[in-house]
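# Structural description and commentary
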Amino acid sequence: MVKNITVLKGDGIGPEIVNEAIKVLDKIGEKYSHSFKYTEVDIGGCSIDKHGVPITKEGMELCKSADSVLLGAVGGPKWDSVDPSIRPEKALLAVRSELGLFANLRPTKLFAQLADSSPLKESIVGNGIDLMIVRELTGGIYFGDRRTEVVDGEKVAVDEMKYSEHEIERIGRVAFESARKRSHRLASVDKANVLDSSRLWRAVMHRLAEEYSDVEYSDVLVDNAAMQLIKNPSQFDVIVTENMFGDILSDEASMLTGSIGMMPSASLSDSTLGMYEPIHGSAPDIAGMDIANPIGTIMSCAMMLRYSFDMVKEADDIEAAVNKALDDGYRTADIYKDGFTKVKCSEMGSIIAANI
Ligand code: NAD
């Protein structure tokens, strides 16, 4: 099978981790006789430096025409003071919106081999953590109208949070379907005691819950969800929530697993086109040192194979190869402890590829 992948390496550690993910994909291609063809497009700060914009129109077209998109990370202090209209993150929002990537899937898994890396006590994480956050990605406050105006002599800033029924329903369906593929439990997180947008969210979710009666459904207020993730994370299986709540809760959840470098994500559309990226940023503090953890990006490729290319065996193979590398005691600096073998980013990529 031939698959065209548009590769957005981006800034900071982006190129380092994506190179390792490509090493692993190539090994899968070799083993299963698939041909992965990569087209590189500049994104973020490196694109601002070269082209004056965080992504060019041609680059965007190459994302739209691909079978899927692989992203490293964008941004860094060098571009913190550029004009807000061309900031590196603008490119990410633009790609999500142009590709219609409305559903962000973030699995949060505490690998058994890294159980003592979790900041939570053994008594809390002893049963393991394996949950999936389904975050709405193209609506809500990040895409609403925003303005700053002067009222009675002082500045007032307004950010609008807006959701329509169809936006809620389509993310709800992704979440209920995900729950069906896992342990049939779904928690919908909102702030329905205060926000109108949350009350509509809840009403639509309740309608869907009747349709998906085989899924055990619950409502959780976002402030309580933030607490419960720390108090008893294993109570959750699939969590669905709106854009900003999902942004915050998924970062909180990722930290329960010890390192942000381990966590993958998938952003999905109505079609099979998706964008796959680790959840972390460009880590400027360690960029260029070959010490970043490439596992989040490699696991994102497993999600790409599973969700965009329907290559289930191949995805399982990547996940098993990562597990074996951890079982064999290999650790990048972020997850290293005495008694294990410390490896560089490029070594971890090669070890995982060799396990395939
Ligand atoms: P960050 O995720 O880049 O880094 C936070 C901490 O985690 C740092 O100490 C970093 O060294 C560490 N870290 C992150 N990824 C790692 C990995 N793979 N291996 C080992 N350690 C890792 O977050 P930040 O420092 O807040 O942001 C840095 C830049 O990234 C900012 O410009 C921010 O806007 C941008 N950012 C981009 C994305 C994205 O591209 N999707 C997401 C978040 C932040």
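Residues numbered from 1 in each chain as written. Predicted model: local features only at pLDDT ≥ 70, side-chain atom pairs only at ≥ 80, totals over all residues. Heavy atoms only, no water.

### Topic: the site of the ligand
Quick reminder of the rule: A molecule or strand has a residue near it when one of that residue's heavy atoms lies within 4 Å. Each polar contact in these results corresponds to two N or O atoms within 3.5 Å; when the atoms are within protein, one needs to be able to donate a hydrogen and the other to accept it, and residues that are neighboring in sequence are counted only if both atoms are side-chain atoms. Residue exposure ignores everything except the shown protein chains as possible cover, and the areas themselves are Shrake-Rupley values with a 1.4 Å probe. Put simply, Ala, Val, Leu, Ile, Met, Phe, Trp, Tyr, Cys and Pro go in the nonpolar bin, Asp, Glu, Lys and Arg in the charged bin, and everything else, Gly too, in the polar bin.
Around the ligand sit 20 residues, and of these Val-74, Gly-281, Ala-283, Asp-285 and Asn-293 come closest. Glu-277 has a polar side-chain atom sitting 3.4 Å from a nitrogen atom of the ligand. Within the complex, the protein chains bury 67% of what would otherwise be the 810 Å² of accessible surface of the ligand. Of the residues contributing to the shell around the ligand, the split by class is 9 nonpolar, 7 polar and 4 charged.

### With respect to the environment of Arg-173
Quick note on the threshold: Under the DSSP-based scheme used, a helix requires at least four consecutive residues in state H or I and a strand at least two consecutive residues in state E, with every element numbered from the N terminus. Contact criterion: two residues are considered in contact whenever any of their non-hydrogen atoms come within 4.5 Å of each other.
By the secondary structure assignment, Arg-173 is in helix H6 (residues 165-181). Taking C-alpha positions, Arg-173 is 18 Å from Phe-245, a pair spaced 72 residues apart along the chain. Contact partners of Arg-173, with chain neighbours within four places excluded, come to Leu-208, Glu-211 and Tyr-212. There is a polar contact of 2.7 Å between the side chain of Arg-173 and the side chain of Glu-211.

### Points about the packing of helix H11 (residues 312-327) against helix H12 (residues 345-354)
How we decide: Interaxial angle, 0 to 180 degrees, is taken between N-to-C directions of lines fitted to C-alpha atoms, where a helix line uses only the stretch in contact. Angular relationships are summarised with four words: roughly parallel below 35 degrees, roughly antiparallel beyond 145, roughly perpendicular across 65 to 115, and oblique for the angles in between. A clockwise turn of the near helix away from the far one marks a right-handed crossing, whereas an anticlockwise turn of less than a right angle marks a left-handed crossing.
Running from amino to carboxyl end, H11 crosses H12 at an angle of 120°, the nearest separation of the two axes being 8 Å. Classified by the angle their axes make, H11 and H12 are oblique. Where H11 crosses over H12, the two elements pack in a sense that is right-handed. Contact with H11, carried on its side by Ala-321, Val-322 and Ala-325, involves Met-348, Ile-351 and Ile-352 of H12 and no other residues of that element.

### Here's the deal with the nonpolar core
Cut-off, in case you're wondering: For this analysis, a nonpolar core means a set of buried residues of the types Ala, Val, Leu, Ile, Met, Phe, Trp, Tyr and Cys, connected via side-chain atoms within 4.5 Å. Remark: exposure states derive from per-residue accessible area (1.4 Å probe, protein chains only) relative to the maximum for the residue type, with buried under 20%, exposed over 50%, and partly exposed in between.
Core analysis: the largest hydrophobic core is formed by 69 residues, its most contacted members being Leu-105, Val-134, Phe-176, Leu-186, Leu-305, Ile-318 and Ile-352. Residues in contact with Leu-305, not counting those within four places in the same chain, are Leu-25, Ile-28, Phe-36, Asp-310, Met-311, Glu-314, Ala-315 and Ile-318. Leu-110, Leu-131, Val-222 and Ile-239 belong to the second largest nonpolar core, which has 18 residues in total.

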